[in-house]
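Descriptive structure summary
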Amino acid sequence: MQLTAISVNDLPALRQQVAPFRAVALVGDKAYGSRSLQEELATHQAVILHTPGKVASSKPCVDTGNKLD
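Reading guide: rules and limits
- Residues numbered from 1 in each chain as written.
- Predicted model: local features only at pLDDT ≥ 70, side-chain atom pairs only at ≥ 80, totals over all residues.
- Heavy atoms only, no water.
- Salt bridge = Lys/Arg side-chain N within 4 Å of Asp/Glu carboxyl O.
- Helix = DSSP H or I, 4+ residues; strand = E, 2+ residues; numbered from the N terminus.
- Buried < 20%, exposed > 50% of the residue type's maximum accessible area, 1.4 Å probe, protein only.
- Arc of directions from axis to C-beta.
- Contact = heavy atoms within 4.5 Å.
- Polar contact = N/O pair within 3.5 Å; in protein donor to acceptor, adjacent residues only side chain to side chain.
- Core = buried A, V, L, I, M, F, W, Y, C linked by side-chain atoms within 4.5 Å.

Going by the annotation in an unreviewed UniProt entry, the name recorded for the protein chain is Transposase, with Spirosoma aureum given as the source organism.

Structure representation (structure tokens):
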């Protein structure tokens, strides 16, 4: 675990933390959902990064309280 200032971007902080690891699986939130980072970690360190998918902001959100027909 690493604590950083709010001004520190999530991806550079993750790169610094993951540098010593090899062949592990990590789970992160949407902030770590960078395809290029996932590919870089998998290729160079055999690290698999699992993140939930990001929802495009141009897509309308569906209210789960509404019934879909």
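1. Quick word on the pattern of salt bridges
By the definition in use, this model includes one salt bridge. As a salt-bridge pair, Glu-40 and Arg-15 come within 3.5 Å of each other at their nearest N and O atoms. Highlighted residues: Glu-40 in helix α2 (residues 35-45) and Arg-15 in helix α1 (residues 10-18), separated in sequence by 25 residues.

2. Comments concerning α2
For α2, every residue scored as buried is listed here: Leu-37, Gln-38, Leu-41 and Gln-45. Along α2, the residues classed as buried sweep out an arc of 100° about the axis, all on the same side. Structural note: α2 exposes Arg-35, Thr-43 and His-44 on the side pointing more than 90 degrees away from its buried face. On the buried face of α2, the contacting elements are α1 and β2 (48-50). The first or second residue beyond α2 is Ala-46, which carries a positive phi of 55°.

3. Describing α1
Residues of α1 that are buried include every one of Leu-11, Ala-13, Leu-14 and Val-18, and no others. Along α1, the residues classed as buried sweep out an arc of 160° about the axis, all on the same side. Its buried side turned inward, α1 meets β1 (25-27), α2 and β2. At the N-terminal end of α1, a side-chain oxygen is found 2.9 Å from the backbone nitrogen of Leu-11, two or three residues along, and the residue is Asn-9.

4. Points about the nonpolar core
Leu-11, Leu-14, Val-18, Leu-37, Leu-41, Val-47 and Leu-49 together form the largest nonpolar core, which totals seven residues. When residues of this core are traced back to their parent elements, those giving at least two are α1 and α2. No other element matches the three residues that α1 contributes to this core. The contact partners of Leu-49, leaving out residues within four places of it in the chain, are Leu-14, Leu-26, Tyr-32, Leu-37, Gln-38 and Leu-41.

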